[in-house]
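Remarks on the overall topology
The chain contents come next:
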Amino acid sequence: MKTKILYISTILAAAFFVSSCKKDITERNQQFPALAPANIDLNADSWTPILTATTTFTVATPEAITAPNYLADLNEIKSYQKNLTSEQKDIIKYWSAGSVLRWNEILRELVAKHNLPPYQNDDGSYPFPSAANPLAYPLFPFSNPPYAARAYAYVSTAQYDALVQAWKFKKQFNRPAPYTNDVNVQALIPKSDLPAYPSEDAVVAGVTAQMMVLLFPGDLDYIQKKVAEEKLYRLMAGANTRSDWDAGESLGKQVAAVFLARARTDKAGAAIGTQTDWTAFETTAKANGTTPWISLELPHRPPMLPLFTKVTPMLFPTTTVVALRPVAPYAENSAEHQKEIAEVLAMSNDHNREHERIVSFWADGVGTATPPGHWNSIAAEEFVKHNWSEVRWARNFALLNMAEMDAAIVCWDAKYYYFNPRPTQMMAGIKTLTGIPNFPSYTSGHSNFSGAAATVLGYIIPEKASAFMDMAHEAAMSRLYGAIHYRSDCEVGLQTGIKVGEFAVARGKADGAN
């Protein structure tokens, strides 16, 4: 009898264990609530756009709500709503959290997918991704931190401008949502008084897809799949008709054309440099009596985007990049340098759990959304709490990501102007707690990105300004704890990033959104 009870107990325990293991894991962002803006920002048509203040766009006059085509659109919605599957309801729930939010998540996903440095060739050289042949090895792009910062900036600013333009046409045509025009159309998301024509979701999808085709050309099918999914969501939810969508998507594509023209001429395509450029950095450093930085990978890998400093900034003229360049790092034979390198060595031997946690949390290395993406994630988690309109979401991401892109430009300027070696190059015995980036040390990229991001987010959400700056300081010091940067790399980088962020704040104060 005891044997039988034990056998049954074992089966029940096993069944419980299997049942426990089968539980689906639900990501927190999948549970974000449906967007229900406390303020629809109807005056956003008067906000200052980034690039399109003087550009003329075309949106056709919508048909009357009694026109046969519009009535057919309404019938299409009602047909969908008769037989919604659980999968379709999940699509509605997913996209209802907000178009800007979801496309920001998709962008971070693509950045992480492509944040992989190419493996070397048999002869010890390294291949480079080609935009003209994005599916060949190595896949285009290698979305390292500068590339990623630029991608976030272009997508966010284009979304913002597209929505400002959409708000103008919304007010001009003032056609309500389908659920307002037909009592038999259900509103499966929170109702809004914002005019439905052109669709704000379609504007975001249209402009984003065009920008992503430039930035991630090998992922065209995936991008178009997400656009189709979002379109279906708006129809099924009763929020837009097909004509609302088509007008919005067309407007988004028109706005994208303005940003694509800028992106194709902003000099990012030449940021990789040539062997002549790479050699010149080393020659100049030696001529100045300093030890030049060298790649610590074997075989030596070419430096990461050494001419990124020549990319056209978003927030200020190119001359400001030089004006923001920090003073030179400590000289190699100075007492300050000796003190700093001794500190790095001490950190490399300090394995306390808090330091290791901080290093790991802010590592943002290969296969991640990069430091700018990490700050986009932090921003999204905060923005969700504020019930903002789509256009305000886009404006706030645009401010954040313009600062991140320009922080990358300013930081890369200092890195290649001083061409300063990392601690591990200067002292044997330093064991790092994280990967050693393949570019010069001074100043820390994480610190620049974090100082800029915390400054912008502190302006947008002032009650958390102190907390954001604490996070930025922690992110900066994580590079010292990880033994890949000197303290001055981190502290000077943080201050430089803050200065860049202040340009974005100044723009935010003048754009009419407050």
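See the structure shown above.
The notes below deal with the structure included here. (Residues numbered from 1 in each chain as written. Predicted model: local features only at pLDDT ≥ 70, side-chain atom pairs only at ≥ 80, totals over all residues. Heavy atoms only, no water.)

1. Observations concerning helix α15 (residues 390-418)
Rules: Helix numbering and strand numbering both begin at the N terminus, where a helix is a DSSP run of H or I of at least 4 residues and a strand a DSSP run of E of at least 2. Expected helix span is computed as 1.5 Å times (number of residues minus one). Accessible area is worked out with a 1.4 Å probe on protein chains only. A residue is then buried under 20% of its type maximum, exposed over 50%, and partly exposed in between.
End to end, α15 covers 42 Å across 29 residues, agreeing with the expected 42 Å (1.5 Å per residue, within 8%). Counting buried positions over the 29 residues of α15 gives 28, a clear majority of the element. Once α15 ends, the next one or two residues include F419, with phi positive near 50 degrees.

2. Notes on the packing of helix α2 (residues 68-82) against helix α8 (residues 220-236)
Applicable threshold: Interaxial angles span 0 to 180 degrees and are taken between N-to-C directions of axes, which are lines fitted to C-alpha atoms, for helices over the stretch in contact. Comment on the angle field: the value is read as roughly parallel under 35 degrees, roughly antiparallel over 145, roughly perpendicular from 65 to 115, and oblique elsewhere. Contact definition: two residues touch when any of their heavy atoms are within 4.5 Å. Residue polarity follows a fixed list, in which Ala, Val, Leu, Ile, Met, Phe, Trp, Tyr, Cys and Pro are nonpolar, Asp, Glu, Lys and Arg are charged, and the others, Gly among them, are polar.
Axis separation between α2 and α8 bottoms out at 8 Å; the angle between their running directions is 95 degrees. Relative to α8, α2 is oriented roughly perpendicular. Here α2 contributes E76, I77, Y80 and Q81 to the contact with α8, which in turn contributes L232, L235 and M236. Residues belonging to the contact of α2 with α8 are distributed by class as follows: five nonpolar, one polar and one charged.

3. Things to note about the side chain of E404
Convention followed: The charged-residue count follows a simple rule in which Lys and Arg add positive charge and Asp and Glu add negative charge, with His and chain termini not counted at all. By convention in these notes, a salt bridge is any Lys or Arg side-chain nitrogen within 4 Å of a carboxyl oxygen on Asp or Glu.
By the secondary structure assignment, E404 is in helix α15. An unpaired buried charge is present at E404: no salt bridge exists, and R108, the closest side chain of opposite charge, is 11 Å distant. Those residues in contact with E404 that sit more than four places away from it in its chain are A149, P371, P372, W375, F449, A452 and A453.

4. Observations concerning the packing of helix α14 (residues 370-383) against helix α18 (residues 465-481)
Operational definition: In a left-handed crossing the near helix is turned counterclockwise from the far helix by less than a right angle, and in a right-handed crossing that turn is clockwise.
The N-to-C vectors of α14 and α18 enclose an angle of 160 degrees; their axes lie 13 Å apart at closest approach. When the axes of α14 and α18 are compared, the pair comes out roughly antiparallel. As α14 packs across α18, the resulting crossing turns out to be right-handed. Taken together, the residues of α18 that come into contact with α14 (itself represented by W375, I378 and E382) are F468, M471 and A472. The class makeup of the residues in the contact of α14 with α18 is five nonpolar, no polar and one charged.

5. Re empty space enclosed by the protein
Note the cut-off: With a 1 Å grid spanning the protein atoms alone, the term cavity applies to any set of points in which a 1.4 Å probe fits but cannot get out, the term pocket to an open set with protein on both sides within 12 Å along at least five of seven lines, and the term lining residue to any residue with an atom within 4 Å of a point. Grid points are joined across faces, edges and corners, and a volume is the space filled by probe spheres set on the points.
Applying the stated rule across the entire model yields three cavities of 30 Å³ or more. Estimated volume of the largest cavity: approximately 70 Å³. What lines the largest cavity is simply P329, Y330, E332, H337, E340, N420, P421, M426, Y486, S488 and D489. Taken together, the residues of the lining of the largest cavity sort by class into five nonpolar, three polar and three charged. Computed from the structure, the second largest cavity encloses a volume of approximately 60 Å³. Lining the second largest cavity we find F32, P33, A34, L35, A97, V384, N387 and W393. For the lining of the second largest cavity, the class distribution of residues is seven nonpolar, one polar and no charged.

6. Examining the pattern of salt bridges
Evaluation of the coordinates by the stated rule reveals 23 salt bridges. One salt bridge in this structure joins R242 and E76, with 2.4 Å as the shortest N-O distance. One end of the pair, R242, is in helix α9 (residues 242-263); the other, E76, is in helix α2, with 166 residues separating them in the sequence. Between R487 and E491 there is a salt bridge; the shortest N-O distance is 3.4 Å. Here E491 and R487 lie together in helix α19 (residues 487-510), a separation of four residues that amounts to about one turn. A residue is classified by how much of its surface remains accessible, and R487, at 28% relative accessible area, is partly exposed. What emerges from the salt-bridge pattern is a single network uniting K170, E200, D201 and R234.

7. A closer look at the packing of aromatic side chains
Condition: Only the six-membered ring of Trp is used, alongside the rings of Phe and Tyr, when aromatic pairs are assigned; centres must lie within 6.5 Å, and planes under 30 degrees apart are stacked while those over 60 apart are edge-to-face, with the rest tilted. Our definition puts a charge over a ring when NZ of Lys or CZ of Arg is within 6 Å of the ring centre and also within 35 degrees of the ring normal.
Overall, the coordinates contain 21 aromatic pairs when judged by the stated rule. Considering the side-chain rings of F128 and W278, the 6.5 Å spacing of their centres and the 50 degrees angle between planes classify their relative orientation as tilted. Taken as a pair, F128 in the loop between α4 (99-114) and α5 (145-173) and W278 in helix α10 (residues 275-287) lie far apart in primary sequence, 150 residues in all. The class for F128 is partly exposed, based on a relative accessible area of 41%. Owing to a relative accessible area of 14%, W278 belongs among the buried residues under this scheme. An aromatic cluster is defined as three or more aromatic residues linked by ring pairs; in this entry it consists of F281, W293, Y416 and F419. Above the plane of the ring of W167 lies K170, whose end atom (NZ or CZ) is 5.8 Å from the centre.

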